[in-house]
Amino acid sequence: MTTTETNDKKPTKASALKIIANILRKPITGSILAILAAALVGGVILIAAGHNPIQAYIGLFYGAVGQPRFIVHTIVASTALILTGLSVTFAYKTGLFNIGVEGQFIVGTIAAVFLGYFVSLPPVIHPIVVMLGAMLVAGVFGAIVGFLKARFNIHEVLSSIMLNWVAINLLNLYLGVEAFRRTGSNSAHSIQNSASIILFHEMKRTSEGIAQLRESEILSELVLRTDLNFGIFIAIATVLLAKFILDKTSLGYTLKAVGSNKDAAEFAGINIKRYMILSMFISGAIAGLAAAVHITGVSPNTITMLGGFQNFGFNGIPVALLSNAAVIPNIFSALLFGGMNYGSGYIQSRYQIPTETIDIMIGLIVFFVALRAICIIIADKIELRKGVQ
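The notes below deal with the structure included here. (Residues numbered from 1 in each chain as written. Predicted model: local features only at pLDDT ≥ 70, side-chain atom pairs only at ≥ 80, totals over all residues. Heavy atoms only, no water.)

1. Quick notes on the overall build of the protein
A tally of helices and strands in the protein yields 18 helices and 0 strands. By its C-alpha atoms, the protein is 90 × 60 × 35 Å across when sized along the principal axes. Counting over 389 residues, the protein shows a buried share of 46%. Considering only residue pairs separated by 6 or more positions, the protein has 75% of its internal contacts joining residues 24 or more positions apart. As presented, the protein carries roughly 19300 Å² of accessible surface, and 66% of it is formed by carbon and sulfur atoms. Positive and negative charge centroids in the protein, built from 27 and 18 side chains respectively, lie 9 Å apart. (Helix = DSSP H or I, 4+ residues; strand = E, 2+ residues; numbered from the N terminus. Buried < 20%, exposed > 50% of the residue type's maximum accessible area, 1.4 Å probe, protein only. Contact = heavy atoms within 4.5 Å. Areas by Shrake-Rupley, 256 points an atom, 1.4 Å probe, with all protein chains shown as cover. Lys, Arg positive; Asp, Glu negative; His and termini not counted. Charge placed at Lys NZ, Arg CZ, Asp CG, Glu CD.)

Written as structure tokens, this is what we have:
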């Protein structure tokens, strides 16, 4: 081989290694590897439990998107996750870890059910009032965490965990009042029809309306057999608005500056305590919006006494982690988890595979998100090799 040929190959090899290093540095690479690693380990667990992993994963996929109504169910299941994931992401972007989204979601449901039942307003206006009220209450609940952090330097993880338990007991206390719950039930009154964002909600509640919907095969499949609602559009609009605020406004730049370096931000004259509280208020308000969208968009449109957490807020944490705390990717991360959660019901009924298997996989995905750090280390070593610039 001539010297010229050797020299021609060196840049080619160096370029290839550089491309590999760049791919490894991309956040999406770590996310994809985390999903694949979780699927691999999950497959081993399925085999150990006596199940066929290939059959399980095909069934999981089919159960999530195999039929039009399955797709609708997946979207509905993902809507609240988009918003709770965004709540975690927004706080993270400003230097705070909001692990209290669950509690903020719970108090948001209380406000949503209260306003949805006891306040009478025209359609369209009523759900807007319900959402704004839930956002305000949950925002204040989140701001408490920010205040404790700013005023007493109490870590937000500690205070938000404690407030999660406060929230669940507030819900049970609310339902302990006879006027707020249905007679002979542990559930609150369902919201009024005017507060619902479910499509054709009025028609679905009457025999005449149901008969009309059944005349159309598509409406019968997608409306009567699902809770198809406007929530997904509200969630996507909120994501886009949050993206705009963080990237295109002075408020967003200030919040991110506080999150990046509090000392530098304070030196620059920024009131960091004020912006900590504001950040947690906004994060909590987004969680409250998730609660309101869930209450107004998913039957039975009410709340029930809880003995434990329902995990709407907690599931927002892996959504945010998988998306690398990036705003727009939250949508796709939430759709993945929403599909897994809904599809797990299909494989349980079809193949008798416990839904806990999917919970294990979600946990594994979060665990393997750490592969991002390994990807960066490998990329660094590749770039240190001779000839890679």
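2. Topic: a nonpolar patch on the surface
On the surface, a cluster of nonpolar side chains totalling about 370 Å² of accessible area is made up of Ile28, Ile32, Leu33 and Leu36. Residue classification places Leu33 among the partly exposed positions, given a relative accessible area of 33%. (Patch = residues over 30% accessible without salt bridge, like charges linked within 9 Å, V, L, I, M, F, W, Y side chains within 5 Å. Salt bridge = Lys/Arg side-chain N within 4 Å of Asp/Glu carboxyl O.)

3. Side note on unusual backbone geometry
Cis rather than trans, the peptide bond between Ser299 and Pro300 has omega equal to 10 degrees. Along the chain, the position of Pro300 falls in the loop between helix H14 (272-297) and helix H15 (316-322). Positive phi, normally seen in glycine, also occurs at Val124, with a value near 75 degrees. By the element assignment, Val124 lies in the loop between helix H5 (101-118) and helix H6 (125-152). We classify Val124 as exposed; its relative accessible area is 61%. Phi at Asn324 takes a positive value of approximately 60 degrees, unusual for a residue other than glycine. Its location among the elements puts Asn324 in the loop between H15 and helix H16 (329-351).

4. Some thoughts on empty space enclosed by the protein
Tallying each qualifying case throughout the model produces 1 cavity of 30 Å³ or more. The calculated volume of the largest cavity comes to roughly 40 Å³. Lining the largest cavity are Val76, Thr79, Ala80, Asn229, Val293, His294 and Val298. Of all the secondary structure elements, the ones that give two or more residues to the lining of the largest cavity are helix H4 (68-93) and H14. Here the element with the most residues in the lining of the largest cavity is H4; it accounts for 3 residues. Taken together, the residues of the lining of the largest cavity break down into 4 nonpolar, 3 polar and no charged. (1 Å grid on protein atoms, 1.4 Å probe; cavity = no way out; pocket = protein on both sides within 12 Å on 5 of 7 lines; lining within 4 Å. Points joined across faces, edges and corners; volume = space filled by probe spheres on them. Nonpolar A, V, L, I, M, F, W, Y, C, P; charged D, E, K, R; others polar.)

5. Quick notes on H14
The end-to-end C-alpha distance of H14, which contains 26 residues, comes to 37 Å, matching closely the 38 Å that a straight helix rising 1.5 Å per residue would cover. Burial within H14 is extensive, with 20 of its 26 residues counted as buried. (Expected span 1.5 Å × (residues − 1).)

6. Here we look at the packing of aromatic side chains
Think of a pair of aromatic rings as described by two things: how far the centres are apart, and how the planes are tilted against each other in angle. With the rule as written, the count across this model stands at 14 aromatic pairs. Each ring, one from Phe118 and one from Phe180, has its centre 5.6 Å from the other, and the planes form 75 degrees; the classification is edge-to-face. Separated by 62 residues along the polypeptide, Phe118 in helix H5 and Phe180 in the loop between helix H7 (156-175) and helix H8 (201-204) bring together distant segments of the chain. Phe180 gets classed as partly exposed once you look at its relative accessible area, which sits at 21%. Relative to Phe180, the ring of Tyr174 has its centre 4.5 Å away and its plane inclined at 15 degrees; by these criteria the two rings are stacked. Residue classification places Tyr174 among the buried residues on the basis of a relative accessible area of 10%. Linked through ring pairs, Phe114, Tyr117, Phe118, Tyr174 and Phe180 together constitute an aromatic cluster. (Phe/Tyr/Trp six-rings, centres within 6.5 Å; stacked < 30°, edge-to-face > 60°.)

7. Things to note about the nonpolar core
Among the nonpolar cores identified, the biggest contains 79 residues, and Ile303, Phe337 and Met340 are the most heavily contacted of them. Sequence-distant contacts of Met340, defined by excluding residues within four places in its chain, comprise Leu60, Ile358, Met361, Ile362 and Ile365. (Core = buried A, V, L, I, M, F, W, Y, C linked by side-chain atoms within 4.5 Å.)

8. Points about the environment of Ala111
Residue placement: Ala111 occurs in helix H5. Taking the relative accessible area as the measure of exposure, Ala111 reaches 11% and is therefore buried. Remark: the alpha-carbon pair of Ala111 and Ile82, spanning 29 residues in sequence, is separated by 20 Å. Setting aside residues up to four positions removed in sequence, Ala111 forms contacts with Gly133, Ala134 and Val137.

9. Some details on H16
Look at H16: 32 Å from first C-alpha to last across 23 residues, which is about the 33 Å you get at 1.5 Å a residue. Asn330, Ile331, Ser333, Ala334, Phe337, Gly338, Gly339, Met340, Gly343, Ser344, Tyr346 and Ile347 are the residues of H16 that are buried. On the buried face of H16, the contacting elements are helix H3 (53-65), H4, helix H11 (231-248), H15 and helix H17 (356-368). Immediately downstream of H16, the backbone of Gln352 shows phi near 55 degrees, a positive value.

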